[in-house]
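Residue strings, one per chain:
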Amino acid sequence: MTQSAQVIALIDENRAKVRVERMSACGHDCSTCEGCGLQSASIEAVANNPVGAKVGDTVLVESSSKEVLRLASLTYLLPVVLFFVLFFVLRALGVSESASAIGAILGFGCGLFGAVFGNRKGQIDTTIVGIVEQSEC
(Lines give C-alpha, C1' and ligand atoms only; values in the text may rest on other atoms or scores of the structure.)
Protein backbone atom coordinates (compact mmCIF):
# COMPACT_ATOMS: atom_id res chain seq x y z
CA MET A 1 0.00 0.00 0.00
CA THR A 2 1.54 3.30 -1.11
CA GLN A 3 0.38 6.73 0.11
CA SER A 4 1.55 10.30 0.09
CA ALA A 5 2.77 11.72 3.41
CA GLN A 6 4.61 14.68 4.86
CA VAL A 7 7.73 14.40 7.01
CA ILE A 8 7.05 16.23 10.28
CA ALA A 9 10.15 15.26 12.29
CA LEU A 10 13.40 13.35 12.00
CA ILE A 11 13.92 10.78 14.73
CA ASP A 12 17.43 9.81 13.63
CA GLU A 13 19.24 9.50 10.31
CA ASN A 14 17.34 6.31 9.43
CA ARG A 15 13.82 7.08 10.70
CA ALA A 16 11.35 9.93 10.32
CA LYS A 17 7.93 10.76 11.71
CA VAL A 18 5.39 11.23 8.91
CA ARG A 19 1.81 12.47 8.75
CA VAL A 20 -0.52 10.65 6.37
CA GLU A 21 -3.95 12.04 5.51
CA ARG A 22 -6.51 9.30 5.98
CA MET A 23 -8.30 8.23 2.81
CA SER A 24 -11.90 7.04 2.86
CA ALA A 25 -12.98 3.54 1.97
CA CYS A 26 -14.59 4.90 -1.20
CA GLY A 27 -11.17 6.04 -2.42
CA HIS A 28 -11.84 9.76 -2.23
CA ASP A 29 -9.64 12.19 -0.38
CA CYS A 30 -11.59 13.07 2.77
CA SER A 31 -9.63 16.29 3.25
CA THR A 32 -11.21 17.78 0.08
CA CYS A 33 -14.66 16.18 0.29
CA GLU A 34 -17.36 16.79 2.86
CA GLY A 35 -19.86 14.43 1.23
CA CYS A 36 -20.24 12.07 4.16
CA GLY A 37 -19.88 14.78 6.80
CA LEU A 38 -16.84 13.22 8.45
CA GLN A 39 -13.80 15.29 9.21
CA SER A 40 -10.51 14.09 7.76
CA ALA A 41 -8.04 12.67 10.22
CA SER A 42 -4.30 12.51 10.05
CA ILE A 43 -2.31 9.49 11.07
CA GLU A 44 1.21 9.90 12.39
CA ALA A 45 3.64 7.04 11.98
CA VAL A 46 7.34 6.32 12.22
CA ALA A 47 8.80 5.36 8.85
CA ASN A 48 12.16 4.04 7.75
CA ASN A 49 13.95 6.80 5.82
CA PRO A 50 16.45 5.26 3.37
CA VAL A 51 16.04 8.15 0.89
CA GLY A 52 17.15 10.88 3.31
CA ALA A 53 13.92 12.89 3.35
CA LYS A 54 13.97 16.12 5.39
CA VAL A 55 11.31 17.82 7.54
CA GLY A 56 8.61 19.34 5.34
CA ASP A 57 9.22 17.04 2.36
CA THR A 58 6.23 15.39 0.73
CA VAL A 59 7.10 11.72 0.32
CA LEU A 60 5.67 8.40 -0.81
CA VAL A 61 5.41 5.87 2.00
CA GLU A 62 4.85 2.18 1.51
CA SER A 63 3.58 -0.40 3.96
CA SER A 64 2.84 -4.07 3.64
CA SER A 65 -0.72 -4.64 2.39
CA LYS A 66 -0.59 -8.04 4.07
CA GLU A 67 0.06 -6.43 7.47
CA VAL A 68 -2.67 -3.82 6.94
CA LEU A 69 -5.17 -6.57 6.07
CA ARG A 70 -4.07 -8.66 9.07
CA LEU A 71 -4.70 -5.76 11.46
CA ALA A 72 -8.01 -4.91 9.77
CA SER A 73 -9.13 -8.54 10.11
CA LEU A 74 -8.10 -8.57 13.75
CA THR A 75 -9.97 -5.34 14.41
CA TYR A 76 -13.20 -6.00 12.50
CA LEU A 77 -13.59 -9.77 12.18
CA LEU A 78 -12.31 -11.24 15.45
CA PRO A 79 -15.07 -9.79 17.69
CA VAL A 80 -17.87 -10.81 15.29
CA VAL A 81 -16.47 -14.30 14.73
CA LEU A 82 -16.11 -14.90 18.49
CA PHE A 83 -19.67 -13.66 19.04
CA PHE A 84 -21.20 -16.16 16.60
CA VAL A 85 -18.89 -19.06 17.40
CA LEU A 86 -19.55 -18.85 21.13
CA PHE A 87 -23.29 -18.45 20.64
CA PHE A 88 -23.60 -21.53 18.40
CA VAL A 89 -21.17 -23.67 20.41
CA LEU A 90 -23.04 -22.91 23.63
CA ARG A 91 -26.39 -23.62 21.95
CA ALA A 92 -25.02 -26.93 20.61
CA LEU A 93 -23.97 -27.86 24.14
CA GLY A 94 -27.55 -27.37 25.31
CA VAL A 95 -27.09 -24.07 27.12
CA SER A 96 -30.20 -21.86 27.20
CA GLU A 97 -30.60 -19.17 24.59
CA SER A 98 -30.22 -16.30 27.08
CA ALA A 99 -27.06 -17.82 28.59
CA SER A 100 -25.72 -18.42 25.07
CA ALA A 101 -26.40 -14.76 24.21
CA ILE A 102 -24.54 -13.63 27.32
CA GLY A 103 -21.64 -15.92 26.41
CA ALA A 104 -21.66 -14.52 22.89
CA ILE A 105 -21.53 -10.95 24.22
CA LEU A 106 -18.61 -11.92 26.44
CA GLY A 107 -16.94 -13.45 23.39
CA PHE A 108 -17.48 -10.21 21.48
CA GLY A 109 -15.90 -8.29 24.38
CA CYS A 110 -12.91 -10.66 24.39
CA GLY A 111 -12.58 -10.08 20.64
CA LEU A 112 -12.57 -6.32 21.18
CA PHE A 113 -9.92 -6.68 23.88
CA GLY A 114 -7.83 -8.85 21.53
CA ALA A 115 -8.23 -6.31 18.73
CA VAL A 116 -7.15 -3.40 20.93
CA PHE A 117 -4.19 -5.36 22.34
CA GLY A 118 -3.19 -6.61 18.88
CA ASN A 119 -3.34 -3.13 17.37
CA ARG A 120 -1.15 -1.69 20.11
CA LYS A 121 1.49 -4.33 19.54
CA GLY A 122 1.11 -4.47 15.76
CA GLN A 123 3.01 -1.47 14.45
CA ILE A 124 2.94 -1.58 10.66
CA ASP A 125 6.42 -1.35 9.15
CA THR A 126 6.41 1.75 6.92
CA THR A 127 9.17 2.88 4.57
CA ILE A 128 9.69 6.12 2.65
CA VAL A 129 10.23 5.02 -0.96
CA GLY A 130 10.54 8.39 -2.68
CA ILE A 131 10.47 12.15 -2.34
CA VAL A 132 7.61 13.77 -4.27
CA GLU A 133 8.36 17.38 -3.37
CA GLN A 134 11.23 18.77 -1.34
CA SER A 135 10.59 21.54 1.17
CA GLU A 136 12.13 24.93 0.52
CA CYS A 137 13.85 25.04 3.91
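Further up the page is the structure itself.
What you see is a predicted model, and the numbers here were worked out from it, not measured in a lab.

So, on to the packing of aromatic side chains. In the structure shown here, the tally under the stated rule is 4 aromatic pairs. A ring pair is formed by F83 and F108, whose centres lie 6.5 Å apart and whose planes are at 90°; its orientation type is edge-to-face. One end of the pair, F83, is in helix α1 (residues 65–92); the other, F108, is in helix α2 (residues 97–121), and 25 residues separate them in sequence. The partly exposed category is assigned to F108, whose relative accessible area is 33%. For the pair F87 and F88, a centre-to-centre distance of 5.3 Å together with 80° between the ring planes defines the contact as edge-to-face. Since its relative accessible area comes to 52%, F88 is described here as exposed.

Under the defined criterion, the tally for this structure stands at 3 salt bridges. A salt bridge links E44 to K17, with the nearest nitrogen and oxygen atoms 3.6 Å apart. Remark: K17 occurs in strand β2 (residues 15–21) and E44 occurs in strand β3 (residues 42–48); sequence separation between them is 27 residues. The partner of R19 in a salt bridge is E44, and the shortest N-O contact between them spans 3.2 Å. Pair noted here: R19 is in strand β2 and E44 is in strand β3, with a separation of 25 residues, a long-range link.

So, about the sheet that holds strand β5 (residues 126–133). Spatial ordering of the closed barrel is given by β1-β2-β3-β5-β4, a layout of 5 strands whose pairing is mixed. With strand direction ignored, the average angle separating the axes of adjacent strands in the sheet is 50°. Relative to strand β4 (residues 58–63), strand β1 (residues 2–12) runs antiparallel, the two sharing 5 bridges. Across the sheet, the residue bridging to T2 is E62, located in β4.

Here is what the cut-offs are and how they apply
Residues numbered from 1 in each chain as written. Predicted model: local features only at pLDDT ≥ 70, side-chain atom pairs only at ≥ 80, totals over all residues. Heavy atoms only, no water. Phe/Tyr/Trp six-rings, centres within 6.5 Å; stacked < 30°, edge-to-face > 60°. Helix = DSSP H or I, 4+ residues; strand = E, 2+ residues; numbered from the N terminus. Buried < 20%, exposed > 50% of the residue type's maximum accessible area, 1.4 Å probe, protein only. Salt bridge = Lys/Arg side-chain N within 4 Å of Asp/Glu carboxyl O. Pairing = 2+ DSSP bridges. Axes fitted to C-alpha atoms, helices over the stretch in contact; angles between N-to-C directions.

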